[in-house]
There are 2 protein chains.
Amino acid sequence: MLRLHSHPFSTFARRIRIALIEKNIPCEQVTIDLASRQHRKPEYLALNPYGRVPMLDDDGFLLYESSAILLYLEDEHPEPALVPAGAKGRAEVDMHLRLCDAQMAAHAGTIIFPKRFMPEAKWPLPAIAHASAEISKHLAILDRQLEGVDFLVHDRFTLADIAYIPFLQFLPIMVDAASVPANVARWSAALLARPSSLETVPAQ
Amino acid sequence: MLRLHSHPFSTFARRIRIALIEKNIPCEQVTIDLASRQHRKPEYLALNPYGRVPMLDDDGFLLYESSAILLYLEDEHPEPALVPAGAKGRAEVDMHLRLCDAQMAAHAGTIIFPKRFMPEAKWPLPAIAHASAEISKHLAILDRQLEGVDFLVHDRFTLADIAYIPFLQFLPIMVDAASVPANVARWSAALLARPSSLETVPAQ
């Protein structure tokens, strides 16, 4: 039995939930109570020393790091395919997963957590401005890659697109709406309208 | 023909060079002149919009992000295997590659560049202290995982170990030598003594 340790507010866990829906994989959701710091208690740290969600438990095989989980699910449940066949297609998806983490997710965390959960007076404004500028630079690169296509890799829906969905959800609070380049806006709107996205939208 | 765009000082490129030696894969090395900012010129940015090394060119198929390159080389040149067979072994290697990047490499960059290439008066000491503390926390986790074993995944030499080598090289300038935990010290010494490591030690 598959179990996903996660939390409804976790952007990284949402990637997995979207992939599970797209692939129609049954999986029990175990909510880790972040508010009571359950992820920092010895019982959870014994399973995942980094104290983070998501963590997958596949009959006792424990895996963390959301992108590694996405590719593991793909290997274990190859249909419908969310990675193109062949080493090159997989490598391109993998490259985009890593770029999403380094160029988007790392900076998104600096903005999303304070803006969603902290009073405005406590927002770290210089850090937010820096993160927003870095995200804008990244969006400009994505925009060129999305010219004339609907998806990032081989113009088909893959894990590379899924990895971005939880962060695209918060684009309006991360960058100035008018500055989102046209291809990114089109791609983002289409991804956020997928049933798997709508089903996993985090509570306000 | 394989070509690796890289630079002798690049920690991320060194991972690839080590894997190429371990797998005995012929590959032309193309040095990108970082000092003259060749990686920021339009010709290079047209190939890699992030302007970084390493970048692999496999007969025109361009791939960047060093961990994605490591796994691509593994898929294309499976022998000798640097990833255990099966989805679980691969997923564990992948998880460790991502943890190495997020918990070690990201912080190592904050320390290695200034300490190697900037006058001491310009070192960003608070950032260095923070990065050093984060690396020490990560080493404590690695130390528990290395208890009683020689390697990170399934107790055999894999890409997960290779990914760490270029950063372990600089452990003496990143954390207090006396604070390196015993299992990490043993693992690091053995990895740095491999012929593929010795052949790729960066110039002082």
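(A) Fine view of helix α5 (residues 125–145) of chain B. The end-to-end C-alpha distance of α5(B), which contains 21 residues, comes to 30 Å, matching closely the 30 Å that a straight helix rising 1.5 Å per residue would cover. The inward-facing, buried residues of α5(B) contact α4 (87–117), α6 (159–168), α7 (171–174) and α8 (182–192) of chain B.

(B) Examining the sheet that holds strand β3 (residues 55–58) of chain B more closely. Residue and element names in this part refer to chain B. Reading across from one edge, β2-β1-β3-β4 is the order of the 4 strands in this open sheet, with mixed pairing throughout. The open sheet terminates on both sides in strands that have one partner only, identified here as β2 (28–31) and β4 (61–64). Adjacent strand axes in the sheet meet at a mean angle of 20°, parallel and antiparallel pairs treated alike. Of the strand pairs in this sheet, β3 and β4 are connected by 4 bridges, and their pairing is antiparallel. If you follow Met55 over to β4, its bridge partner there is Tyr64.

(C) Highlighting the sheet that holds strand β3 (residues 55–58) of chain A. All names here are of chain A. Strand order in the open sheet made by the 4 strands is β2-β1-β3-β4, with mixed pairing throughout. Looking along the sheet, the strands with just one partner apiece sit at the ends: β2 (28–31) and β4 (61–64). The average undirected angle you get between the axes of adjacent strands in this sheet is 20°. As judged from the 4 bridges shared by strand β1 (residues 2–6) and β3, these two strands associate in the antiparallel manner. Along β3, the bridge assignment pairs Arg3 with Asp57. Helix-sheet contacts for helix α3 (residues 66–76) involve β1, β3 and β4, and the interaxial angle to β4 is about 130°.

(D) Seen up close, the domain arrangement of chain A. All names here are of chain A. With domains assigned, chain A is organised as domain 1 (2–76) and domain 2 (87–197). One C-alpha centre belongs to domain 1, the other to domain 2; they are set 21 Å apart. Contact with domain 1, which involves 14 residues of that partner, is made by 21 residues of domain 2. Of the roughly 1600 Å² buried between domain 1 and domain 2 on both sides combined, carbon and sulfur atoms contribute 63%. Contact with domain 2 buries area across many residues of domain 1, yet Arg14, Arg15 and Leu71 alone supply 35% of it, more than any other trio. On the surface where domain 1 and domain 2 come into contact, there are 3 salt bridges. A salt bridge links Arg194 to Glu22, with the nearest nitrogen and oxygen atoms 2.8 Å apart. Across the contact surface, domain 1 and domain 2 share 8 residue pairs in polar contact (both at pLDDT 80 or more).

Rules and cut-offs
Residues numbered from 1 in each chain as written. Chains lettered and ligands numbered in written order. Predicted model: local features only at pLDDT ≥ 70, side-chain atom pairs only at ≥ 80, totals over all residues. Heavy atoms only, no water. Helix = DSSP H or I, 4+ residues; strand = E, 2+ residues; numbered from the N terminus. Expected span 1.5 Å × (residues − 1). Contact = heavy atoms within 4.5 Å. Pairing = 2+ DSSP bridges. Axes fitted to C-alpha atoms, helices over the stretch in contact; angles between N-to-C directions. Domains from an automatic or database assignment. Buried area = accessible area lost by both parts, 1.4 Å probe. Salt bridge = Lys/Arg side-chain N within 4 Å of Asp/Glu carboxyl O. Polar contact = N/O pair within 3.5 Å; in protein donor to acceptor, adjacent residues only side chain to side chain.

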